[in-house]
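# Structural description and commentary
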Amino acid sequence: MGKWLTAKNARAFHRREIPLLHMDELAKDLVRFLGEGLRVVHFYGRAGVEGAVTITAVLADDTDCSLLVSEAHIKSVLKYTSMTVKEHSLHLFERELYEQTGVVPERHPWLKPVRSEPGSHAVVQINKPPLYSTGGPHEVSWGPVRSVTAESGHFRLLCRGEEILHIAIQLGYQHRGVERLFRTGNPMNKASLVESIAGDTVIAHAWAYAMAIEALSGITLSKKAEMMRSVALELERIAMHLECLSGISAGIGFLPGASTYGRLRTAVIDSMLRLSGCRFGRGLVRPGGVLSGVGSGVREHVLRVLDVVDHDTEIINAYLFGSTGVLSRLEGTGVITPAQVWEAGLVGIIAKSTGLPLDSRADQPFGVYEKDHFTPITVSSGDVYARAKIRALEIEQSIKIIRKWFHYGMMIGENMMEPTLLGAGQMVVTMVEGFRGEVSHAIITGHNSEIEYYKVVDTSFHNWMGLALAARGIGISDFPLCNESFGQSCCGHDL
Amino acid sequence: MFDFIKARINQGFQAIKDLRTARPPAEFRGLPVIGEAECPNGCFKCIDVCPVGAITVNPVNVDLRKCIFCPDCRLKCPESKIEFTNDVRMGATRTESLVISRDNRAPVIEADNKAGSIFKRSLKLRLISAGGCNRCELELSALGNVNFDIGRFGIDLVTSPRHADGIVLTGPLTANMAYAVEETWSNVPMPGIVILCGACALSGGLFAGSPVLDRSFLDTLHVDLYIPGCPPHPLTVANALLDFLGR
């Protein structure tokens, strides 16, 4: 067993501290650690000198609130034996590695394109992926232009009659080249770009970026700024959970739910607007703090809106979860088990809906959550009902959290600290719990403090496989509902 | 039954009565105004901080095709020359009017008589997300919720392009979506209208210059309506559509 550096969320370390292993050793350790219950956070390669590729692995040890980091070089022959056969949660990471660097994970079961980046090493194009055929069942093709307001992605449903056997999910249509845009221009000026990685996860991504820049430039935030970020993060969670509940209600034709959750979301994002000037929280989080504080008028407004949301969700939740017609559609549909969650490496809300408390606010605490101990809520049934129920419960929890912080009175201190030059030759990994689950950014700086490599892993990168697993055995007509209950992001995956 | 009655009474009437006069809260960053103050000599702070290159100085212009309505230029300007108002009327039928200056204070929509004569009472649109980050998509879907209720004007988003009178494009038009965009457009019955929604669609926005975009689709056809914003507020979209149809 090789050496691994123990790191913490949002604590920068020198690149020379990262142990360098042989690739075979790295692979062996990875399989062993994942088997022992650690999770993969990052696994990527970047081109080095003379055609060599440096492979970095970051694992999360949730029991110890720590991260393990190690690297390996691959020279001359760009290949190694794939780990996916032993640890399925690496399947997408290995495909991405191949596509971005050309390193071949030999014996990988299905190296189909992740994003079809132009100039990538994957030989097949996105409109002509290698198709997996079960030899007989009929197929239903859906996308990339999908339902009315969905992002673009392609689903090929492999069915026997009306029953779904598996879904081949092909994404990459939304690929805009986010990661390479980080490597050009002023690294301090990327907040707007980060806010557009996934437009519904503005605060979580902006926080992950800002926290990384702050760690690299060695500044400490005021409590006020940290609290503002947390309030915004929880508001984002409430708003998007309401959106999802509205979508699930609409998906089963339960109009009172669709309209009530929908108008409550309007009230919540309008409070976000009063905090930040944008309904989605753009222009609030910047490296060094937040751009606007919260005046007493806005504070009272937010608390008033939360009272309304608290009161009205209680009524509509009672109707939704008490209606036998609704329950007959939600219960037992699209079940996913904790074993499958571990196997496929799913995180966040999907893990919590099967009873696994994976939440970086508790496991890898950051910001206010470092001091204010957080306990994740779980539901155990793992079906569409659980994915709806967990959202209703988290809305309640987030309301309580915001109320508590607003009454703490941590309203003193500067909104902004001026960030200084980034430390040269360093690396940092940050994790923030967005409404879907963890989002993680990693930055590596070069000798001149420039950003040498920027890596983003959105929750959806971990979780899309969950949808394919959950849909096995359900009817085609239940698929849109199942998809709605997962509520995943295409552009977060596609970058 | 009692649950239903309770929920229905609690819901009450939620629609915004008049979309034409409604305004978001004062904190909203909408249509910018350029102040009269003189720029200090040799000051380019707004240009330096703008992540999309939407600003030019001497005289100060803000290009709403690129602007993502972040607060950075306003905060950096020593003379507070650029201020954002909560005015949401920003749709335009010609791109020239989207460059805001001291002389051109607001974008202009010329009602399209041809489109108006056909689609005035019923306009069905197909949304295509070609790299959209889900903000424009969420705001367009919010347009149909109980608050904004655009359906009251006969305007709807539909699933099939064959049922649509036109398309709404969001996102910077990624290379991987180029084929699907053309296929979808070729299935819209003519005369179809084309609406670009959001800074990404209008100019590429934050992703302008990214090598993985393919915006050649836009070279071949006439764009009927431009709706700036990142994302555009539902009121911006509603007012732009209604102005365009001459209602």
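Residues numbered from 1 in each chain as written. Chains lettered and ligands numbered in written order. Predicted model: local features only at pLDDT ≥ 70, side-chain atom pairs only at ≥ 80, totals over all residues.

### Quick word on the overall build of chain B
Counting secondary structure elements, chain B contains 8 helices and 10 strands. The C-alpha atoms of chain B give a radius of gyration of 19 Å, which matches the 18 Å a tight globule of 247 residues would have. Along the three orthogonal principal directions, the C-alpha set of chain B runs to about 65 × 45 × 35 Å. Counting all 247 residues of chain B, 50% fall into the buried class. (Helix = DSSP H or I, 4+ residues; strand = E, 2+ residues; numbered from the N terminus. Rg over C-alpha atoms; globule rule 2.2 N^0.38 Å. Buried ≥ 20, exposed ≤ 12 C-beta atoms within 10 Å, placed from the backbone.)

### Quick word on the overall build of chain A
Each helix and strand counted, chain A has 16 helices and 16 strands in total. In terms of overall dimensions, chain A is globule-like: its C-alpha atoms have a radius of gyration of 22 Å, near the 23 Å expected for 495 residues. With the C-alpha coordinates of chain A rotated into their principal frame, the extents come out at 65 × 65 × 35 Å. Scored against the burial criterion, the 495 residues of chain A give a buried share of 56%. For chain A, contacts bridging at least 24 residues in sequence account for 67% of all contacts bridging at least 6. (Contact = placed C-beta atoms within 7 Å.)

### What to know about the interface of chain A and chain B
The interface of chain A with chain B comprises 49 residues on the first partner and 51 residues on the second. Counting residues per element, the side of chain A that touches chain B draws most heavily on helix H7 (residues 255-276) of chain A, which supplies 9 residues. Its residues assigned to classes, the side of chain A that touches chain B shows 19 nonpolar, 21 polar and 9 charged. (Nonpolar A, V, L, I, M, F, W, Y, C, P; charged D, E, K, R; others polar.)

### Observations regarding the domain arrangement of chain A
Residue and element names in this part refer to chain A. The domain architecture assigned to chain A consists of domain 1 (5-126) and domain 2 (186-486). In this complex, domain 1 contributes 23 residues to the contact, which on the side of domain 2 involves 26 residues. Among the elements of the structure, strand S2 (13-14), strand S4 (39-47) and strand S5 (53-61) are those that each provide at least two residues to the side of domain 1 that touches domain 2. A total of 6 residues in the side of domain 1 that touches domain 2 trace back to one element, the largest contributor, which is S4. Grouping the amino acids of the side of domain 1 that touches domain 2 by side-chain chemistry returns 13 nonpolar, 5 polar and 5 charged. (Domains from an automatic or database assignment.)

### Some remarks on the domain arrangement of chain B
Residue and element names in this part refer to chain B. Per the domain assignment, the segments making up chain B are domain 1 (32-87) and domain 2 (113-244). On a C-alpha basis, the centres of domain 1 and domain 2 stand 27 Å from each other. The interface is formed by 8 residues belonging to domain 1 together with 8 residues belonging to domain 2. By residue class, the composition of the side of domain 1 that touches domain 2 is 6 nonpolar, no polar and 2 charged.

### Thoughts on the environment of Leu216(A)
Residue and element names in this part refer to chain A. Tracing the chain through its elements places Leu-216 in helix H5 (residues 202-217). On the basis of neighbour counts, which here come to 26 C-beta atoms within 10 Å, the residue Leu-216 falls in the buried class. On a C-alpha basis, the gap between Leu-216 and Thr-420 in space is 8.9 Å, while along the polypeptide they are 204 residues apart. If we skip the residues at most four places from it in the chain, Leu-216 touches Ala-12, Leu-422, Gly-423, Gln-426, Val-428, Ile-443 and Thr-445.

### Notes on helix H6 (residues 178-186) of chain B
All names here are of chain B. Along H6, the residues classified as buried are Ala-180, Val-181, Thr-184 and Trp-185. Angular distribution of buried residues about the axis of H6 spans 130°; they occupy a single face of the element. The exposed set on the far side of H6, more than 90 degrees from its buried face, consists of Glu-183 and Ser-186. Elements in contact with the buried residues of H6: strand S6 (123-129) and strand S8 (166-170). (Arc of directions from axis to C-beta.)

### A few points about the sheet that holds strand S2 (residues 55-56) of chain B
What the 3 strands build is an open sheet, ordered S2-S3-S5 (chain B); its pairing is antiparallel. Among the strands making up the open sheet, the edge pair consists of S2 and strand S5 (99-100) of chain B. (Pairing = 2+ DSSP bridges.)

### Things to note about the sheet that holds strand S10 (residues 154-160) of chain A
All names here are of chain A. Spatially, S9-S10-S11 is the arrangement adopted by the 3 strands of the open sheet, whose pairing is antiparallel. Taken across any chain shown, the strands that pair with only one partner, and hence form the sheet edges, are strand S9 (138-142) and strand S11 (163-170). Shown here is a sheet whose adjacent strand axes are inclined to one another by a mean of 20°, direction ignored. Bridge analysis of S10 against S11 gives 7 bridges, and the strand direction is antiparallel. Paired with Phe-155 across the bridge in S11 is Ile-169. (Axes fitted to C-alpha atoms, helices over the stretch in contact; angles between N-to-C directions.)

### Comments concerning the nonpolar core
Trp207(A), Val268(A) and Cys197(B) are the most contacted members of the largest nonpolar core, which has 228 residues in total. When residues in this core are grouped by element, the largest group, 14 residues, is from helix H6 (residues 223-251) of chain A. (Core = buried A, V, L, I, M, F, W, Y, C linked by C-beta atoms within 7 Å.)

### Here we look at the environment of Glu243(A)
All names here are of chain A. Structurally, Glu-243 can be placed in helix H6. Taking the number of C-beta atoms within 10 Å as the measure of exposure, Glu-243 has 24 and is therefore buried. In this structure, the C-alpha to C-alpha distance between Glu-243 and Gly-262, residues 19 residues apart in sequence, is 6.3 Å.

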